[in-house]
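# Fold and geometry: a report
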Amino acid sequence: MSGRHTALNIVDEIKLILDAYHLDLTQVYSISSDNGSNMLNAAEILTQEQQAELIDQFIEHNGGGFYDVASGLTQMEKYDEELGKIDTIREEQMVEHLAPGSTIEVMRCGAHTVNLVIKDSIKQMNCETNLREIRKVVKRSKAIVFRPIFQIHNAPVPVLDCDTRWGTTPIMVDSFLQLVLLEKQIQTVDPKYNIEKSLIRFAEEFCKAFKPMVTLLKNLQKGQLTVGDLYRYYWIEARIALQKLRHTNSFASALIENLSKRKDKLFENKTFLAGLFMDPRFNFKDTPYLTSEQKNIAIDHLLNTYKVITMRKIEMERKNDSQPTSAPIHSTLSESDLLVEEDCRATSSQPVRSGINEDDLIIKLHDGKINLAFPEGGGRTYAVKVRIQSHFGKLLKMEKLEDGSTVRATSHPVYNQVKFIMYCRDVIGYSTEELRQELEEQGVEAVHHTSKKVVEENPTLPTFSFFNEQSFKYNYG
């Protein structure tokens, strides 16, 4: 995104992206973001615009509301009748009452929330002075003259923290403790290099408490996380690890306190409540995780979302029905693809013979020579694999099965040609004969090395086709 990251510019950029993917604002359910005021303001603008679009669609689709079969009235007429105030209630108010509300909710980024918990706890414990000293030691230890020491002892180069990289302060403190183990070796290069004992004790206590937070950050970066996963990692697993330390580690108590404060913010989000409500790990009878009020909020949000989805479906059906009949679209398929497509249609249009399946076929043919059989051509033919050439010749002569079914066996047009194609740079120096001999025991009878013609040259490519043992194809009548 170019230009200033103001709320209005962010809104314009989001609309451009939605338009590029042929989406509209009514299809947006939730926005994940940090706590930046520009993102929060942008989400508020999008929420208002989505609400306006939903109202417009509601009026366009219903022409006065959804029809209620029981009363014979539209919802808006029924609404007027019940209130008895048709002359005093504005039409806009009725529409806003009946139309679905906006579904957009700003879902705070879980990893960013954890980073704020870490910052809150550091500030609460007034440990910035010690961290500043550790930062100086780490920065000094990153000098080039010390690199051979890290390489000899197979130790990582110490890491400095960075505000834009979440959770790096605990990682920096941990790398500081690794330097303590190499202090004597570093002093051989720099005699003035010295680490204070009090700083080491601080770092040990700090790392012990913040280790669960580093694990939490890693867990929250996994793919396909649900709201329930976020809550489990954030409030259950991290808190369990910290509670074991709270009586002996002051940092642990501060982290639990700040986790709790940030957790309360999560429960103010309707999307979060709906996700937790739908998770059976946290929503069950007499659950301690959701109050009755929170459940009702979640239910209302899910019902509203369903209304939006339903209205969206009606909109799509209306557009499809109203589209004029267009001229046939010319296929962009190649001639070979078109031929395959035509063969597939012809195969699918022919009746499939019933009564013979793969298991029956193997039972009827099996005499210790059949290795594999599977249906082809919609069940009209079966491919049978054998391992010995003599068996292949005998099966080609077969005309009937044991139950009298007539069959005609032919050499398979595909499986008797290419066994597989391999792309491998490591064997590009081997001849085709060397590869054939190496794989002969696996049924490979021939190898073809692919080349590509470029001007006057034929450069060798690392692509090989392997041809296999015999199999045959038969049709039954």
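Keep in mind that this is a model prediction, so the values were computed, not measured.

Definitions and cut-offs
- Residues numbered from 1 in each chain as written.
- Predicted model: local features only at pLDDT ≥ 70, side-chain atom pairs only at ≥ 80, totals over all residues.
- Heavy atoms only, no water.
- Core = buried A, V, L, I, M, F, W, Y, C linked by side-chain atoms within 4.5 Å.
- Buried < 20%, exposed > 50% of the residue type's maximum accessible area, 1.4 Å probe, protein only.
- Helix = DSSP H or I, 4+ residues; strand = E, 2+ residues; numbered from the N terminus.
- Contact = heavy atoms within 4.5 Å.
- Axes fitted to C-alpha atoms, helices over the stretch in contact; angles between N-to-C directions.
- Parallel < 35°, antiparallel > 145°, perpendicular 65-115°, else oblique.
- Left-handed = near helix turned anticlockwise from the far one by under 90°.
- Nonpolar A, V, L, I, M, F, W, Y, C, P; charged D, E, K, R; others polar.
- Expected span 1.5 Å × (residues − 1).
- Polar contact = N/O pair within 3.5 Å; in protein donor to acceptor, adjacent residues only side chain to side chain.
- Bend = angle between axes of the 7 residues up to and from the residue.
- Salt bridge = Lys/Arg side-chain N within 4 Å of Asp/Glu carboxyl O.

Within the largest apolar cluster, 59 residues are counted, with the highest numbers of intra-cluster contacts made by Ile134, Phe176, Phe206, Phe210, Met213 and Phe272. Secondary-structure elements contributing two or more residues to this core are helix H5 (110-124), helix H6 (128-141), helix H7 (147-152), helix H8 (168-181), helix H10 (197-219), helix H11 (227-243), helix H12 (250-266) and helix H13 (270-277). For this core, the element with the highest residue contribution is H10, accounting for 11 residues. In this structure, Met213 is in contact with Val114, Val117, Ile118, Leu242, Leu255 and Leu259, ignoring residues within four places of it in sequence.

Below, the discussion takes up the packing of H5 against H10. Two numbers describe how H5 lies on H10: the axes approach to 9 Å, and their chain directions differ by 165 degrees. As the angle between them shows, H5 and H10 are arranged roughly antiparallel. Every pair of crossing elements has a handedness; the one defined by H5 and H10 is right-handed. Note on element contacts: H10 touches H5 through Phe206, Phe210, Met213, Leu216 and Leu217, opposite Ala111, Val114, Val117, Ile118, Ser121 and Ile122. Residues of the contact of H5 with H10, tallied by class, amount to 10 nonpolar, one polar and no charged.

Here the focus is H5. Count 3.6 residues to each turn of an α-helix, and residues three or four apart come out pointing the same way. Compared with the 21 Å implied by 1.5 Å per residue over 15 residues, the 21 Å span of H5 between its first and last C-alpha is a close match. All of the buried residues in H5 are Gly110, Ala111, His112, Thr113, Val114, Asn115, Leu116, Val117, Ile118, Ser121 and Ile122. In this structure, the buried residues of H5 make contact with strand S4 (105-108), H6, H8, H10, H11 and H12. Looking at the residues trailing H5, positive phi occurs at Asn126, about 50 degrees.

Let us look at the side chain of Thr26. Its location among the elements puts Thr26 in the loop between helix H1 (7-20) and strand S1 (30-33). On the basis of relative accessible area, Thr26 is assigned to the buried category, the value being 6%. Reaching out from Thr26, the side chain makes a polar contact with the side chain of Asp24 at a distance of 2.3 Å. For Thr26, the contacting residues outside a window of four places in its chain are Gln50, Glu53, Leu54, Gln57, Val308 and Arg312.

Looking now at the environment of Leu255. Relative to the elements of secondary structure, Leu255 occurs in helix H12. A relative accessible area of 0% places Leu255 in the buried class. For the pair Leu255 and Val114, spaced 141 residues apart in the sequence, the C-alpha separation amounts to 9.8 Å. Setting aside residues no more than four positions away along its own chain, Leu255 makes contact with Val117, Ser121, Ala209, Phe210, Met213 and Leu242.

With that settled, consider H10. With 23 residues, H10 should cover 33 Å at 1.5 Å per step; its first-to-last C-alpha distance of 33 Å lies within 8% of that length. Phe210 marks where H10 bends most, by close to 40 degrees; the proline Pro212 follows one to four residues later.

This brings us to the pattern of salt bridges. Per the counting criterion, the structure on display carries 12 salt bridges. Between Asp24 and Arg312 there is a salt bridge; the shortest N-O distance is 2.2 Å. Highlighted residues: Asp24 in the loop between H1 and S1 and Arg312 in helix H14 (residues 292-322), separated in sequence by 288 residues. For Arg262, the salt bridge goes to Asp120, with nearest N and O atoms at 2.9 Å. A residue pair is termed long-range when its members are at least 10 positions apart, and Arg262 in helix H12 and Asp120 in helix H5 qualify at 142 residues. A cluster of three or more residues bridged by salt bridges with shared partners is formed by Asp229, Arg232, Glu237, Asp279 and Arg281.

By themselves these figures say nothing about function.
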